[in-house]
Amino acid sequence: QLSLFRLTMKRLFSTSYSSVDSKEMEKFQLLAHKWWDEEGEYSALHSMNDIRVPFIRDTLLNMSSNYHLGNPLSGVKILDVGCGGGLLSEPLGRLGASVTGIDPLEDNIRTADQHKSFDPVLAKRIQYKSSSLEEIVEECMETFDVIVASEVVEHVADLEMFIKCCSQVLKPEGSLFITTINKTQLSYVLGIVVAEKIMGIVPEGTHEWEKFVPPEELERLLESNGFSVKTVNGMLYNPLSGSWSWMESTSINYAMHAVKSGAEGQSSPTDALSEMESEQPSATAGTTM
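Just so it is clear, the model here is predicted, and its values are computed rather than measured. (Residues numbered from 1 in each chain as written. Predicted model: local features only at pLDDT ≥ 70, side-chain atom pairs only at ≥ 80, totals over all residues. Heavy atoms only, no water.)

Chemist: Before we go on, may I ask you to explain the overall build of the protein in this structure?
Modeler: For the protein, the helix and strand inventory stands at 10 helices and 8 strands. Within the protein, buried positions represent 53% of all 289 residues. At a minimum sequence separation of 6, the contacts of the protein that also span at least 24 residues come to 75%. Carbon and sulfur atoms make up 53% of the accessible area of the protein, which amounts to about 13500 Å² in all. (Helix = DSSP H or I, 4+ residues; strand = E, 2+ residues; numbered from the N terminus. Buried < 20%, exposed > 50% of the residue type's maximum accessible area, 1.4 Å probe, protein only. Contact = heavy atoms within 4.5 Å. Areas by Shrake-Rupley, 256 points an atom, 1.4 Å probe, with all protein chains shown as cover.)

Chemist: I tried to follow the pairing of strand β1 (residues 77–81) on my own but got confused; where do I start?
Modeler: Here is the key point about a regular strand: its side chains alternate between the two faces of the sheet. Taken across its 5 residues, β1 has 4 buried, putting it largely inside the fold. Handedness of the crossover is the feature at issue here: the chain leaves β1, passes through helix α4 (residues 89–94), returns alongside strand β2 (residues 98–103), and the resulting connection is right-handed. Pairing between β1 and strand β4 (residues 144–150): 3 bridges, direction parallel. In the sheet register, D80 faces β4, and the bridge partner there is V148. (Right-handed = clockwise from strand over helix to strand, strands pointing away. Pairing = 2+ DSSP bridges.)

Chemist: Which parts of the structure should I look at to understand the state of the cysteines?
Modeler: In protein structure, a disulfide is the covalent linkage between the sulfur atoms of two cysteines. Within this structure, the stated rule accounts for 0 disulfides. Left unpaired, C165 is separated from the closest cysteine sulfur, that of C166, by 7.3 Å. For C165, a relative accessible area of 4% gives the class buried. For C166, a relative accessible area of 1% puts it in the buried group. (Disulfide = S-S within 2.5 Å.)

Chemist: Explanation requested: a nonpolar patch on the surface in the structure shown.
Modeler: Where nonpolar side chains cluster on the molecular surface, the patch consists of L186, Y188, V189 and L190 and spans about 310 Å² of accessible area. Along the chain, Y188 turns up in helix α9 (residues 185–198). (Patch = residues over 30% accessible without salt bridge, like charges linked within 9 Å, V, L, I, M, F, W, Y side chains within 5 Å. Salt bridge = Lys/Arg side-chain N within 4 Å of Asp/Glu carboxyl O.)

Chemist: Just to check I follow, could you spell out the environment of G40 for this structure?
Modeler: Relative to the helices and strands, G40 resides in the loop between α2 (22–29) and α3 (43–63). Overall, G40 belongs to the buried group, its relative accessible area being 15%.

Chemist: Would you mind going over the sheet that holds β1 with me for this structure?
Modeler: Think of a sheet as strands paired side by side through backbone hydrogen bonds, with each pair either parallel or antiparallel. In spatial order, the strands read β3-β2-β1-β4-β5-β8-β6-β7; together these 8 strands make up an open sheet with mixed pairing. Looking at which strands have only one partner, the edges of the open sheet turn out to be β3 (126–130) and β7 (243–247). Between one strand and the next, the sheet's axes are offset by a mean angle of 20 degrees, whatever the strand orientation. Where β1 and β2 come together, 5 bridges link them in parallel fashion. Opposite L79, over in β2, you have T100 as the bridge partner. (Axes fitted to C-alpha atoms, helices over the stretch in contact; angles between N-to-C directions.)

Chemist: What should I look at first to understand the nonpolar core in this one?
Modeler: Across soluble globular proteins, you tend to see nonpolar side chains buried next to one another. Ranked by internal contacts, the top residues of the largest apolar core, which has 39 residues, are L73, I78, L92 and V148. Put simply, the parts of the chain that give this core at least two residues each are α3, α5 (106–116), β3, β4, β6 (227–238) and β7. Broken down by element, this core gets its largest block of residues, 8 residues, from α3. Those residues within four positions of L73 in sequence are excluded, and the remaining contacts are L60, I78, L92, L95, G96 and A97. (Core = buried A, V, L, I, M, F, W, Y, C linked by side-chain atoms within 4.5 Å.)

Chemist: Explanation requested: the confidence of the model for the protein in the structure shown.
Modeler: Across the protein, the average pLDDT comes to 87, with 84% of residues at or above 70. Segment residues 11–16 is flagged for pLDDT under 50; beyond a separation of four residues in sequence, or across chains, it makes 5 contacts in the model. Contacts for the low-pLDDT stretch residues 264–289, under 50 throughout, to residues beyond four places or in other chains number 54 contacts. (pLDDT = per-residue confidence, 0-100.)

Chemist: Looking at this structure, I do not really get the pairing of β6. What am I missing?
Modeler: Where β6 meets strand β8 (residues 253–260), 8 bridges bridge the pair, whose relative direction is antiparallel. Residue pairing for β8: G234 is matched across the bridge by Y254. As paired elements, β6 and β7 share 5 bridges and run antiparallel to each other. If you follow Y237 over to β7, its bridge partner there is W244.

Okay, here's the thing in C-alpha cells:
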C-alpha cells in the first residue's frame, strides 16, 4: 500500500504539480542542437561563464579550509538544475567537482552527453539525466553539497515548489547559487525589447517579463524555506563586447548565493565549506573581470 501511495504521489508531482512549464519546453526544444555554438543563440551564456564560474568557485573556496590545487572543487557534489547542453556543468567538472546535470528536455541531455564524451576526464566526473527537479527529490534527499540554478528560475512554473525541492536535495549547510533577471522597467527594455526584438542576442520569445523574479522576492522565498542569503550581486552584459561584468545595481541581471541552515549538530565533510563563510568578505572581490 505504501508503494501505491508513493506511486500516486509521484504521478501527482510529475504531472499537475511539476515546476516544469511545458510552453518553456517547446521554446528550448527548437534550440537543443545549438548549445555549443559560441556565436549562436547561447553566446551570452557562454561568456557568462567568465564571471559565474569564478563566483561559484571562489565563494566555495572562501567557505572551505581544505582544497586541492588544480582541482579546487574536488570532492564537492554539485547539482546543475536546468543544465541545458552542459555549458556550466563542464567548467565545474574541470575544477574537480562531481556534477549531476538535470534537464527536462531529452534533446538537451543528448547534446550535453555527446559533448562531454569528447573529454574522458569530464565523462567520468559529470552525469546527465533527463529529469525535472521534483522527479529526483525522492532518491536524492540531502545528497548535494551545492546546487546551481543559472538562468532557470525565470522559466519555472512554480518557484516556491522549486525552492522547496532545492532545499530537500541539498545537504544541511549546502550552498545554492542562482543567476536570473530582475523584474524592473529596465529589465523589460534591455532584456526583452533590446536583447530579443532589436539586437537578437537571444531568440524572440525566450523570456516573459511576468516571470522575472525580483531579488527581494527570491530572498523572501529562500529565507522562508530555511535558507540564509549571503550574497546578492548585480551583473551587466555588454552586447558590443559580448562580455559580462559585476556591478552594484541588481536592476537587470543578478547572482545570489544562499546557504541552507544546518541540522543541529550535523554537518557534512565538504561543509567545512560554510564554517568560515561569516568571516569572509564578499566573494565577488576576486571575481570581477
